[in-house]
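A closer look at the structure
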Amino acid sequence: MPVKVLAFAGSPRRFGNSETLLDWTLASMAEEPDVSIEKVPLTEADINPCRGCNACEKLNKCVQRDGMDAWHDKIIEADCIVLSSPIFCMGLCSQVKALVDRAQVFRSRKYVLKLPIVPPERKGKRLGVFLATAGQTWPHVFDAAVPSVKCFYHVIEIRDADISYLMVNGVDEKGAIETHPTARTDAGKLGKSVIAELKKRLAEGTPS
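Criteria and cut-off values
Residue numbers restart at each chain and count upward from 1, following the sequence in its written direction. Selection of residues for local features in this predicted model requires a pLDDT of at least 70, selection of side-chain atom pairs for listing and counting requires 80 or more, and totals for whole chains, interfaces and linings are taken over all residues. No hydrogens and no water enter the side-chain calculation; it runs on all heavy atoms of the structure. Exposure classes here rest on a 1.4 Å probe applied to the protein chains alone. A residue is buried below 20% of its type maximum, exposed above 50%, and partly exposed in between. Secondary structure elements are defined from DSSP: runs of H or I of at least 4 residues count as helices, runs of E of at least 2 residues count as strands, and each element is numbered from the N terminus. Strands qualify as paired when DSSP identifies two bridges or more between them. For a crossover, the right-handed case is the one in which the path from the first strand over the helix to the second runs clockwise, viewed with the strands pointing away from the viewer. One speaks of a salt bridge when a side-chain nitrogen belonging to Lys or Arg is within 4 Å of a carboxyl oxygen belonging to Asp or Glu. Every helix has an expected span of 1.5 Å times one less than the residues it contains. Whether two residues are in contact is decided by their heavy atoms: any pair within 4.5 Å suffices. Within this scheme, the nonpolar core is defined by two criteria: the residues are buried Ala, Val, Leu, Ile, Met, Phe, Trp, Tyr or Cys, and they are joined through side-chain atoms within 4.5 Å. Aromatic pairs are defined between Phe, Tyr and Trp rings, using the six-membered ring for Trp, whenever the two ring centres lie within 6.5 Å; interplanar angles under 30 degrees are classed as stacked, those over 60 as edge-to-face, and all others as tilted. We call a charge positioned above a ring when the Lys NZ or Arg CZ atom is no farther than 6 Å from the ring centre and deviates by at most 35 degrees from the ring normal.

**Points about the pairing of strand 5 (residues 127-133)**
Burial of strand 5 is extensive: 7 of the 7 residues sit out of reach of the surface. Neither face of strand 5 is exposed, since L127, V129, L131 and T133 on one face and G128, F130 and A132 on the opposite face are all buried. Direction of pairing for strand 3 (residues 80-88) relative to strand 5: parallel, over a ladder of 7 bridges. Bridge pairing in strand 5 links V82 to V129. Relative to strand 6 (residues 163-168), strand 5 is paired through 6 bridges, and the arrangement is parallel. Residue pairing for strand 6: V129 is matched across the bridge by S164. In this view, the connection linking strand 5 to its parallel neighbour strand 6 by way of helix 6 (residues 145-155) has right-handed handedness.

Below you can see the structure in the form of structure tokens.
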């Protein structure tokens, strides 16, 4: 069964450390048969910030007409959503945060309107991957980003237990990740393990 991967490259700077980490992960996924990958640079995705109007609680859709119209449906259709971001000021960069905030429409659908996000047969079959890079070497540098990431995946019906993380600190200058001792290998292993798990779930049915 084909596996659909939708990947968002979040950095405002193209082809930097976080996007390189993303590309390594996607390359390993692409080596597996029957895997379809769409990579979306958020700098080109035309996603406006959330207005906080809460109209989606009544309309079941956002009042804004922008690039999110297309990505909304693709987020629902994908088996795996990969999100990459550099850490800016201890959190997600603004391009990624805009995507996360625009997922408010899914929150409204799920908790206010009591409508399904995905069909019942697809629950438990979707996986999320969060990739991040940071220049600082502080052990807590990723701590503020993770709750937002979990919120994003939760409202699109991907459970906490079904999110994988690869977060690399100490890579500040552009290209610094190229000399990191484990990042490339870790990204390759992660990509392959995620696809293997997805194929298992799609073949065997929803886990308990």
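**Let's talk about unusual backbone geometry**
Unlike most non-glycine residues, D46 shows phi in positive territory, near 55°. Note on placement: D46 falls in the loop between strand 2 (35-41) and helix 2 (56-59). Notably, M90 is not glycine yet its phi reads approximately 75°, a positive angle. Of the residues examined, M90 reaches a relative accessible area of 24% and is grouped as partly exposed.

**Description of the pattern of salt bridges**
Applying the stated rule across the entire model yields 17 salt bridges. Between E38 and K74 there is a salt bridge whose closest N-O contact spans 2.9 Å. In this pair, E38 sits in strand 2 while K74 sits in helix 3 (residues 68-77), placing the two residues 36 residues apart along the sequence. Owing to a relative accessible area of 29%, E38 belongs among the partly exposed residues under this scheme.

**Brief notes about helix 7 (residues 183-204)**
With 22 residues, helix 7 extends 31 Å between its outermost C-alpha atoms, agreeing within 8% with the 32 Å of an ideal straight helix rising 1.5 Å per residue. Those residues of helix 7 that fall on the buried side of the exposure criterion are A183, A187, G188, L190, G191, V194, I195, L198, R201 and L202. If you follow the buried residues of helix 7, they end up packed against strand 1 (3-9), helix 1 (17-30), strand 2, strand 3, strand 5 and strand 6.

**Regarding the nonpolar core**
Membership of the largest hydrophobic core comes to 38 residues, with the highest contact counts inside it found for F8 and I81. Elements with a contribution of two residues or more to this core: strand 1, helix 3, strand 3, helix 4 (94-102), helix 5 (104-112), strand 5 and helix 6. I81 has contacts with L6, F8, I75, L127, G128, V129, F152, Y153, I156 and I158, leaving out every residue within four places of it along the chain. In this structure, V3, W24, V129 and L190 belong to the second largest nonpolar core, which totals 27 residues.

**Topic: the packing of aromatic side chains**
The geometry of an aromatic ring pair comes down to the distance between the two centres and the angle between the two planes. Inspection of every chain in the model, using the stated rule, returns 3 aromatic pairs. Considering the side-chain rings of F130 and Y165, the 6.4 Å spacing of their centres and the 80° angle between planes classify their relative orientation as edge-to-face. Taken together, the residues span a long stretch of sequence, with F130 in strand 5 and Y165 in strand 6 at a distance of 35 residues. Accessibility expressed as a relative area gives 0% for F130, which makes it buried. Against the face of F15 rests R14, its NZ or CZ located 4.3 Å from the ring centre.

**Let's talk about helix 4**
For helix 4, every residue scored as buried is listed here: V96, A98, L99, V100 and R102. If you follow the buried residues of helix 4, they end up packed against strand 1, helix 3, strand 3, strand 4 (91-92), helix 5 and helix 6.

These values are about where atoms sit, not about what they do.
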